[in-house]
Amino acid sequence: MWRCITALTTVFVTLVLVKGTRFEIKTGTTKCITDDIQSNSLSVGKYTIINPHQDYPLPDSHRINLRITSPHGSICHYADKKESGTFAFTAYEDGDYMACFWVAKHNPSATLTIEFDWRSGLAAKDWSKVAKRGQLEMMEVDLKKLSDTIAIIHDEMYYLREREESMQILIRSTNAKMATFSFFSLLVCLVVVSIQLWHLKTFFEKKKVI
């Protein structure tokens, strides 16, 4: 019985570890591969275009695009026009993660052979260097986003400070104009009252004389 359990365990581990595959894709088409990954599991991988003519470099048209999405559509990895590359991410959802390769349309059409190795969970532990590199790239992206956010906040603070200064200037100017207007209004009122009093005094003096 223990031999059977050992044999089954060996087969299971072998199935888990063997994730490499090789497939062909034509220019202008898309091919997707799914992998059922558990939440909080590390997932790493590498991909490369097989060059059928080792003595000559691949033409610029022979480049692949890759997008890996979570079960709910979040982008875990994206690569644009690459000859080869690696990726690493931590799954935050249970379910089928999808890796979609596509090649730009080319005339005449060509067929590319892709070697793709995708490992998750226990099998990913062997790729610590790739994982660290992928995590560093993710950290670089997060730091770049944080830097852009700080720059936006910094610019917004300067803009608000300039607005505040302009508002202070406007308030001081308005207060000065209101003070001048109030002074002249009071002066006009005093002049009008003085004239009215003078007229009243003259009127009563004439009445008294009569």
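Residues numbered from 1 in each chain as written. Predicted model: local features only at pLDDT ≥ 70, side-chain atom pairs only at ≥ 80, totals over all residues. Heavy atoms only, no water.

J.: Account for the sheet that holds strand E5 (residues 75-82), with residues named and values stated.
T.: The strand order E2-E7-E4-E5 describes an open sheet built from 4 strands, whose pairing is antiparallel. Single-partner strands in this sheet number two, and they are strand E2 (30-37) and E5. Taken over all neighbouring pairs, the strand axes of this sheet differ in orientation by 10 degrees on average, direction set aside. Relative to strand E7 (residues 95-102), E2 runs antiparallel, the two sharing 8 bridges. (Pairing = 2+ DSSP bridges. Helix = DSSP H or I, 4+ residues; strand = E, 2+ residues; numbered from the N terminus. Axes fitted to C-alpha atoms, helices over the stretch in contact; angles between N-to-C directions.)

J.: Describe in detail the sheet that holds strand E1 (residues 20-26), supporting the description with residues and values.
T.: Backbone-to-backbone hydrogen bonds pair the strands of a sheet. The strands run either parallel or antiparallel. Ordered by their spatial adjacency, 4 strands build an open sheet running E1-E8-E3-E6, and the pairing between neighbours is antiparallel. One side of each edge strand has no neighbouring strand; the edge strands of this open sheet are E1 and strand E6 (84-90). Neighbouring strand axes in the sheet, compared pairwise and without regard to direction, differ in orientation by 20 degrees on average. With 7 bridges connecting them, E1 and strand E8 (residues 111-120) associate as antiparallel partners. Within E8, the position partnered with Phe23 by the bridge is Ile114.

J.: Could you give me a rundown of the side chain of Glu93, with the residues and numbers involved?
T.: Position of Glu93 relative to the elements: it lies in the loop between E6 and E7. Although Glu93 is buried, it makes no salt bridge; Arg67 carries the closest opposite charge, 14 Å away. Within the local environment of Glu93, its side chain forms a polar contact with the side chain of His72, the two groups lying 2.6 Å apart. Each residue touching Glu93, except ones within four places of it in the same chain, is listed here: Ile37, Gln38, Ser39, Ser70, Pro71, His72 and Ser74. (Buried < 20%, exposed > 50% of the residue type's maximum accessible area, 1.4 Å probe, protein only. Lys, Arg positive; Asp, Glu negative; His and termini not counted. Salt bridge = Lys/Arg side-chain N within 4 Å of Asp/Glu carboxyl O. Polar contact = N/O pair within 3.5 Å; in protein donor to acceptor, adjacent residues only side chain to side chain. Contact = heavy atoms within 4.5 Å.)

J.: Help me get a handle on the nonpolar core, residues and values and all.
T.: In this structure, Phe101 and Trp118 are the most contacted members of the largest nonpolar core, which totals 21 residues. Secondary-structure elements contributing two or more residues to this core are E1, strand E3 (42-49), strand E4 (64-69), E6, E7 and E8. The dominant element in this core, judged by the number of residues it contributes, is E8, at 4 residues. In this view, Phe101 contacts Phe23, Ile25, Thr29, Thr30, Lys31, Tyr47, Ile64, Asn65, Leu66, Ile114 and Phe116; residues no more than four positions away in its chain are not counted. (Core = buried A, V, L, I, M, F, W, Y, C linked by side-chain atoms within 4.5 Å.)

J.: Describe in detail the environment of Tyr92, supporting the description with residues and values.
T.: Mapping Tyr92 onto the fold places it in the loop between E6 and E7. Apart from residues no more than four positions distant in its own chain, Tyr92 is found in contact with Ser39 and Tyr97.

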